[in-house]
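Observations on the model geometry
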Amino acid sequence: MSEKQRPETDPEAVEEHRDIYGEDGAIRASFLSHIGAAIADRDVLALRADVADLHQSELGDLLEALLPEQRQALVSLMGSDFDFTALTEVDDTIRAQIVESMPNDQIAQAVQELDSDDAVYILEDLPIEDQDEILAQLPFTERVRLRRSLDYPEETAGRRMQTEFVAVPPFWTVGQTIDYMRDENELPESFSQIFVIDPTFRLVGAVNLDRILRTKRPVKIEEVMHETRHAIPATMDQEEAAQVFEQYDLLSAAVVDESERLVGVLTIDDVVDVIQQEAEEDLLRMGGVGDEELSDRVLTTSRLRIPWLFVNLGTAFLSASVISLFDGTIEHMVALAVLMPIVASMGGNAATQTMTVTVRALATRDLDIYNAGRIIRREASVGFINGFIFAVLIGIIAGFWFSDFQLGGIIAAAMIINMMAAALAGILIPLCLDKAGADPAIASAVFVTMVTDVVGFFAFLSLAAWWFNLW
């Protein structure tokens, strides 16, 4: 189809494309079809007109909405006009697919235009041999900076830091510093702090830009600087670094190596990405789906979900074995088979509530050894109160339903027992996993469900067997 035949090229459609999102927050179907048609026709001029000026996050959303073959074609057709920063806005699978389809010399050319933190974000998932080939094509200074960041462990501040920063000696005057910032062409695009270093590059302080602008030119930097009390070690886990930002309301923070030398700066935009990434990981792991992405292939998604389904199958057999111990009791009273899932289900939901709060408290370090005892007592009390309330409710319903208030009393007692067990399991299991060095977000759900099923079935059926044998 030629450009003249496309209905999207009329003035109203062009105006609509400037706002690429619909009322539901998704990319407009008309814009998506327009871009798809331009890709099919290899209409570079239309793509540059519609895509080149998009914000990196908008371009990221567009890439995720396109088909895989369209993404690669779009990057190829845009050439040097493609904003590679957009690759930091898409999920890992899509980024890997796009980067793997590109020659290394094109990637090398692209990363030279990016901030160092964005360049590392794109390079870190490539094989080592490709990284080496790409880095070899970069200028020496940039190559050394990126290699240093890539040498730090994954998910540390050193991987997320930006190596472009402004640093001056303490004996400079404010006037010298201002002139330096005006004349130097290699400064970061935006920054809020100037760092102060000694001749060995050790960090000695920092000055906020607003303080610089309010100070007379002859004043020395050492007179207006403040000590950087929240310098972040490059090897610190990125989640811990995010907690430092949250606790002290930071916009940026110096990153130092083991010798306290300044190696980079961590900024709030990167920290926001870390917070979102860590929250998504915890949510996915609590569901037993690991690091799954929506763009993953069917077999990849299946492989990621299978391990915990196997674990869940084992715990289900354990629960079934508890039921089998009371098969004679169930045969004599079918009502037990009808009611016992209620006890397990209520316990499972109560445990999930406690577990979710506990895992989040562990992640934010609001729960520690000093307040664990108090929190455990609180959750046990909550479990008893909620168990008592729902025990009375389910006891009355079961009594009227089956015209047997003895049965209602049995399920009420079992409900209290299981709700207390659920509350304790919901907090103790994540605590024990955390103490053992395991991620409580990954394994807690399966084991908590096992406890509530086993305790729920056993409490209800054993109480029923005991009571009816007694009478």
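Residues numbered from 1 in each chain as written. Predicted model: local features only at pLDDT ≥ 70, side-chain atom pairs only at ≥ 80, totals over all residues. Heavy atoms only, no water.

Details of the pairing of strand β5 (residues 252-256)
What counts here: Type-normalised accessible area, obtained with a 1.4 Å probe on protein chains alone, sets the label of each residue: buried when under 20%, exposed when over 50%, and partly exposed for intermediate values. Secondary structure elements are taken from DSSP: a helix is a run of H or I of four residues or more, a strand is a run of E of two residues or more, and numbering for both begins at the N terminus. Criterion used throughout: strands pair if DSSP finds at least two bridges between them.
With five of five residues buried, β5 is to be regarded as a mostly interior element. Here β5 shows no split at all, with S252, A254 and V256 on one side and A253 and V255 on the other all buried. Relative to β5, strand β4 (residues 232-233) runs parallel, the two sharing two bridges. Paired with I232 across the bridge in β5 is V255.

Section: the packing of aromatic side chains
Both the distance between ring centres and the angle between the ring planes are used here to describe each pair of aromatic rings. Formally: Planes of paired rings set the category: under 30 degrees apart is stacked, over 60 is edge-to-face and the rest tilted, where pairs are Phe, Tyr or Trp rings (Trp by its six-membered ring) whose centres lie within 6.5 Å.
Applying the stated rule across the entire model yields seven aromatic pairs. For the ring pair F326 and F458, a centre distance of 5.9 Å and an interplane angle of 65 degrees mean the geometry is edge-to-face. Here F326, found in the loop between α17 (298-324) and α18 (327-332), pairs with F458, found in helix α22 (residues 440-470); they are 132 residues apart in sequence, far enough to count as distant. Among the residues examined, F326 registers a relative accessible area of 11% and is labelled buried. Residue classification places F458 among the partly exposed residues on the basis of a relative accessible area of 43%. Ring geometry for F400 versus F405: centroids 5.1 Å apart, planes at 80 degrees, classification edge-to-face. Each of the two residues, F400 as well as F405, counts as exposed.

Read these as geometric descriptors, not functional statements.
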